[in-house]
Amino acid sequence: MSTTTLEHPTVAVLGTGIMGAGMARNLLRAGLPVRVWNRTHAKAAPLAADGASVCASPEEAVRGADVVLTVLHDGPSVAEAIDAAAPGLTPGAVWLQSATVGPEATAQLAQRAAELGIVYLDAPVVGTRLPAEQGRLTVLVAGPSTARAAVTPVLDAIGQRTVWAGEEPGAASQLKLVVNTWVINLVNGIAECLNLVEGLGLDPKAFLDTVAGGPLDSPYLQAKSAALLSGDLTPSFALSTALKDARLILQAAEQSGVRLDLVAASAARFTRARAAGHGDEDVIATFFAGRPEQP
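Residues numbered from 1 in each chain as written. Predicted model: local features only at pLDDT ≥ 70, side-chain atom pairs only at ≥ 80, totals over all residues. Heavy atoms only, no water.

> Mind laying out the overall build of the protein chain, listing which residues take part and the relevant values?
Each helix and strand in the protein chain was counted, giving 13 helices and 9 strands. By the compact-globule yardstick of 19 Å for 295 residues, the protein chain fits well, its C-alpha radius of gyration being 20 Å. Once the C-alpha set of the protein chain is aligned to its principal axes, its extents read approximately 65 × 45 × 35 Å. By sequence separation, contacts in the protein chain at least 24 residues apart represent 65% of the contacts at least 6 residues apart. Accessible surface, the protein chain: about 13,200 Å² in total, of which carbon and sulfur atoms supply 56%. Charge separation in the protein chain, taken as the distance between the mean sites of 21 positive and 28 negative side-chain charges, equals 2 Å. (Helix = DSSP H or I, 4+ residues; strand = E, 2+ residues; numbered from the N terminus. Rg over C-alpha atoms; globule rule 2.2 N^0.38 Å. Contact = heavy atoms within 4.5 Å. Areas by Shrake-Rupley, 256 points an atom, 1.4 Å probe, with all protein chains shown as cover. Lys, Arg positive; Asp, Glu negative; His and termini not counted. Charge placed at Lys NZ, Arg CZ, Asp CG, Glu CD.)

Below, the structure written as structure tokens:
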């Protein structure tokens with residue numbers, strides 16, 4: 001790979017939803033050539049105005065790319081996309097796999113990368129829509145250090161911080177599940193407080209003002225409460241995605257002999273909220289699972 005390529009690698013972004021679109025725009029702002037694909041073409045099309053080449057297939061998107069960045073929903077969707085891309089992949093290209101897929105799928109995808117002759121980096125991100133749009137994600141990466149130079153311009157463009165978790169794929173995905181355990185339990189804690197506020201007939205502002213600025217406060221509490229109280233449930237982290245992640249966490253916990261009662265309860269809340277029609281809304285819509293009318 002030439003010095004020019006290392007400084008300005010061509011990047012194929014597969015998946016331009018809540019996270020991928022913002023990440024692609026930051027790559028373009030950094031001056032990197034970007035090719036994008038999304039299963040729903042309409043989600044990728046607006047990126048043409050930012051300078052991206054919008055492609056009709058994964059194969060077209062990855063052809064000639066030095067780095068392939070997957071930002072899809074789950075393990076099966078990532079596997080399907082990379083299989084479709086296979087004929088266009090450049091031998092030795094680096095695959096930054098940023099979807100939250102869990103350790104088991106990570107191992108399978110790493111094996112597929114070896115079969116395809118490309119370098120696999122396990123690279124989930126910490127952050128939601130706004131940090132993705134601002135290039136302020138934290139990227140967790142596990143994989144061979146020999147690939148670092150090739151992906152540094154990409155990591156610098158999409159994130160404010162990179163945490164190298166190890167040389168072998170899997171460590172970053174494990175760490176991401178721990179981070180998401182915190183997020184999932186926190187958001188349901190917020191939702192249950194607001195459920196009780198509503199049930200007791202209190203003003204939610206009284207609760208939020210009571211903890212504001214103290215050790216019990218957090219930016220996440222204030223932001224999620226504000227979104228719910230304003231009625232703006234535009235997803236920064238969709239409830240259905242949180243449910244998928246909760247199930248991955250529970251699977252990993254079972255395999256490691258750990259009991260996670262709070263995550264199990266969170267998954268049950270997410271399931272009820274999704275059944276009530278809130279799956280495509282922001283994760284704070286888990287609030288609606290706590291109302292009396294919910295089964």
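> Describe the environment of V263, and please don't skip the residues or the numbers.
Inspection of the secondary structure puts V263 in helix α13 (residues 261-278). For V263, a relative accessible area of 1% puts it in the buried group. Here the alpha-carbon distance between V263 and R247, two residues 16 residues apart in the chain, equals 8.6 Å. Residues in contact with V263, not counting those within four places in the same chain, are T181, N185, A246, I249 and L250. (Buried < 20%, exposed > 50% of the residue type's maximum accessible area, 1.4 Å probe, protein only.)

> Kindly report on the pairing of strand β5 (residues 94-97), identifying the contributing residues and their values.
On β5, burial covers both faces: V94 and L96 on one face and W95 and Q97 on the other are all buried. Pairing between strand β4 (residues 67-70) and β5: 4 bridges, direction parallel. The partner of V68 across the bridge, within β5, is W95. The parallel pair β4 and β5 is bridged by helix α5 (residues 75-85), and the resulting crossover is right-handed. With helix α6 (residues 102-116) bridging β5 and the parallel strand β6 (residues 119-122), this β-α-β connection has right-handed handedness. (Pairing = 2+ DSSP bridges. Right-handed = clockwise from strand over helix to strand, strands pointing away.)

> Outline the nonpolar core, listing residues and values.
Ranked by internal contacts, the top residues of the largest apolar core, which has 32 residues, are V13, M23, L27 and L96. For this core, the secondary-structure elements that each account for two or more residues are β1 (11-14), α2 (20-29), β2 (34-37), β4, β5, β8 (137-142) and α8 (148-158). Per element, the largest residue contribution to this core is 6 residues, and it comes from α8. Among residues more than four places away in sequence, those in contact with V13 are G20, A24, L27, V34, R35, V36, W37, L69 and V71. Within the second largest apolar cluster, 29 residues are counted, among which are L177, V183, L243 and I284. (Core = buried A, V, L, I, M, F, W, Y, C linked by side-chain atoms within 4.5 Å.)

> Hey, could you go over the packing of aromatic side chains for me, with residue numbers and the actual values?
Two measures describe an aromatic ring pair: the distance that separates the ring centres and the angle between the ring planes. Summed over the entire model, instances satisfying the criterion amount to 2 aromatic pairs. Geometrically, the ring pair formed by W95 and Y120 is edge-to-face, given 4.9 Å between the ring centres and 90° between the ring planes. Here Y120 lies in strand β6 and W95 lies in strand β5, a separation of 25 residues in the sequence. Across the pair, Y120 and W95 agree in class, each one buried. Here F287 and F288 contribute two aromatic rings whose centre-to-centre distance is 5.3 Å and whose plane-to-plane angle is 80°, an arrangement assigned as edge-to-face. Judged by relative accessible area, which is 6%, F287 ranks as buried. (Phe/Tyr/Trp six-rings, centres within 6.5 Å; stacked < 30°, edge-to-face > 60°.)

> Give a description of the packing of helix α12 (residues 239-256) against α13 that names residues and reports values.
At a minimum axis distance of 9 Å, the contact between α12 and α13 shows a crossing angle of 150°. What the angle tells us is that α12 and α13 run roughly antiparallel. The interaxial crossing formed by α12 with α13 has left-handed handedness. Contacts between α12 and α13 involve L239, S240, A242, L243, A246, R247, I249 and L250 on the former and, on the latter, V263, A264, A267, F270, T271, A273, R274 and H278. Partitioning the contact of α12 with α13 into residue classes produces 11 nonpolar, 3 polar and 2 charged. (Axes fitted to C-alpha atoms, helices over the stretch in contact; angles between N-to-C directions. Parallel < 35°, antiparallel > 145°, perpendicular 65-115°, else oblique. Left-handed = near helix turned anticlockwise from the far one by under 90°. Nonpolar A, V, L, I, M, F, W, Y, C, P; charged D, E, K, R; others polar.)

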